[in-house]
Structures are given as structure tokens and as C-alpha cells.
Amino acid sequence: ELKVEQNPLFLSMQEGKNYTIYCNYSTTSDRLYWYRQDPGKSLESLFVLLSNGAVKQEGRLMASLDTKARLSTLHITAAVHDLSATYFCAEGDSNYQLIWGAGTKLIIKP
Amino acid sequence: DTAVSQTPKYLVTQMGNDKSIKCEQNLGHDTMYWYKQDSKKFLKIMFSYNNKELIINETVPNRFSPKSPDKAHLNLHINSLELGDSAVYFCASSLQTGELFFGEGSRLTVL
């Protein structure tokens, strides 16, 4: 069964700290996506990782992909309150369909 | 200009009623989707259309019927609504890379 597991599912942290969200997936896919969802809002695409070793950064967020380990990480540097949201990773299967993780709810306290 | 727009944003209705949600995208994408997000935020794909042709039809009750009049539109009609249909329904379209662009969601509440 195709599976995407995110860890942790819930994270509460202080502003200014660093942390990493992990996304393990079950196939040999080399396509991994990260999305952000604010409460009551839509999903916004953050990163598209299309090859082994891909690393992308936007502001305080950095995403990477290791296809051999079937692992993607989303690293948050010096967190700020505005980054509070639910973060989803999704793996692209051979038909370009996405298999979704359960989401990581991130709360950043001032 | 909104890239993927869906209407209505909110729907409150009684069990047994029929309702429709409309979706339009102006991104020129060939593929469109309907997703259901439950109260625990799990995302489940329901349907996918590529250039008006159905390519994914997940295990969804046949009370749900998608219709794509052209590649920019994908509507969802739901017959005989049940309590368990209460959720947020997202329309999305995608690039060749598989990256999805979502609409704002339609929150359906069945009483």
C-alpha cells in the first residue's frame, strides 16, 4: 500500500527556534511536494522537489529530498508566529497523482 | 484574478437534498481534481479529469457525479446528501509536474 508518513503530526514551538518536519514515503518516487494550509483556508504550494538531492529554500523554510532514504524534510529556521499552519507533504506516483501525508500542525508561540 | 475558483464557498443543507459545486480554472491546465478534506484534515482524492476525460474515479459513492463541460471547468453534483458528506471540498488543477493549485474550498454542512 502506498503510504506517506509525516512526523510529528503536531508541533508546538517557541519563536526563534529551529525545527524539522519529516516526511517518509513508500515508493521510489523522485517527486515530492510540500503545501501549507492556514486554518479555514486553501492549500498553498510551497516546494516542488523533482530529483534526488533537491534542496529548495524560501525565507525561513528549506525543503530537501533524499530519494534513496525515501525521505523529505522541511526545516524551519528561527521560527516566527506567521509560520503557524498545517504543513502537508505529498509524494507523486507514476501517474503524477499525489499521495498525501496526514499533515503536521505547527503552532509557534510568541 | 483568481486562478482556481469554486462556488459556493459555504453550503448548508438538509439530508436527502441534492447540491452542486462549481469550479473554474484560468491557468490553462489540462488536469483538474476534486478532493475531500474531512474534519481531521485528511485529504482524499475523489476524481481527476484530464482534458474533459475522467482519469481517476476513487471509491466514492455514486451519489457523487463530476462533470467537465470543458477543460477549464469541473463541477461536482451530489445527490441524496448524507451527514457523512459534511466536509470541505477542494477543486484543484495541475501542471505537468504534478504541482496542484487549489481553489478556496467549499464547506458543506449537512444537517
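Residues numbered from 1 in each chain as written. Chains lettered and ligands numbered in written order. Predicted model: local features only at pLDDT ≥ 70, side-chain atom pairs only at ≥ 80, totals over all residues. Heavy atoms only, no water.

Student: What exactly am I supposed to notice about the pattern of salt bridges here?
Tutor: Side chains that differ in sign of charge can pair as their charged atoms come close. A full pass over the atoms with the stated rule returns six salt bridges over all chains. Here A:K3 makes a salt bridge to A:E5, at a shortest N to O gap of 3.4 Å. Residue A:E5 is classed as partly exposed on the basis of its relative accessible area of 44%. Across the pair B:E82 and B:R63 runs a salt bridge, and its minimum N-O distance is 3.5 Å. (Salt bridge = Lys/Arg side-chain N within 4 Å of Asp/Glu carboxyl O. Buried < 20%, exposed > 50% of the residue type's maximum accessible area, 1.4 Å probe, protein only.)

Student: Just to check I follow, could you spell out the nonpolar core for this structure?
Tutor: Soluble, globular proteins show a tendency: their nonpolar side chains are buried together. Residues A:L32, A:W34, A:L74 and A:Y87 are the most contacted members of the largest nonpolar core, which totals 24 residues. When contributions to this core are tallied by element, the ones reaching two or more residues are β2 (10–14), β3 (19–25), β4 (32–37), β5 (43–49), β7 (61–66), β8 (71–76), β9 (85–92) and β11 (104–109) of chain A. Once residues lying within four places of it in the same chain are set aside, the contact partners of A:L32 are A:C23, A:Y25, A:F47, A:V48, A:L49, A:L65, A:S72, A:C89, A:A90 and A:E91. The next biggest cluster of nonpolar side chains, apart from the first, holds 20 residues, and it includes B:L11, B:F64, B:A87 and B:Y89. (Core = buried A, V, L, I, M, F, W, Y, C linked by side-chain atoms within 4.5 Å. Helix = DSSP H or I, 4+ residues; strand = E, 2+ residues; numbered from the N terminus. Contact = heavy atoms within 4.5 Å.)

Student: I would appreciate a short explanation of the interface of chain B and chain A in the present structure.
Tutor: Often, the extent of an interface is quoted as the loss of accessible area upon association of its parts. Chain B puts 19 residues into the contact, and the matching count from chain A is 16 residues. Surface buried jointly by chain B and chain A totals about 1400 Å² across both partners, of which 58% is contributed by carbon and sulfur atoms. Its largest share of buried area at the contact with chain A, chain B owes to B:L43, B:T97 and B:F102, together 30% of the area lost on that side. Counting every contact that joins chain B to chain A gives zero salt bridges. Sorting the residues of the side of chain B that touches chain A by element identifies β4 (31–37), β5 (43–50), β6 (53–57) and β10 (100–102) of chain B as the ones contributing at least two each. Its residues placed into classes, the side of chain B that touches chain A shows ten nonpolar, six polar and three charged. (Buried area = accessible area lost by both parts, 1.4 Å probe. Nonpolar A, V, L, I, M, F, W, Y, C, P; charged D, E, K, R; others polar.)

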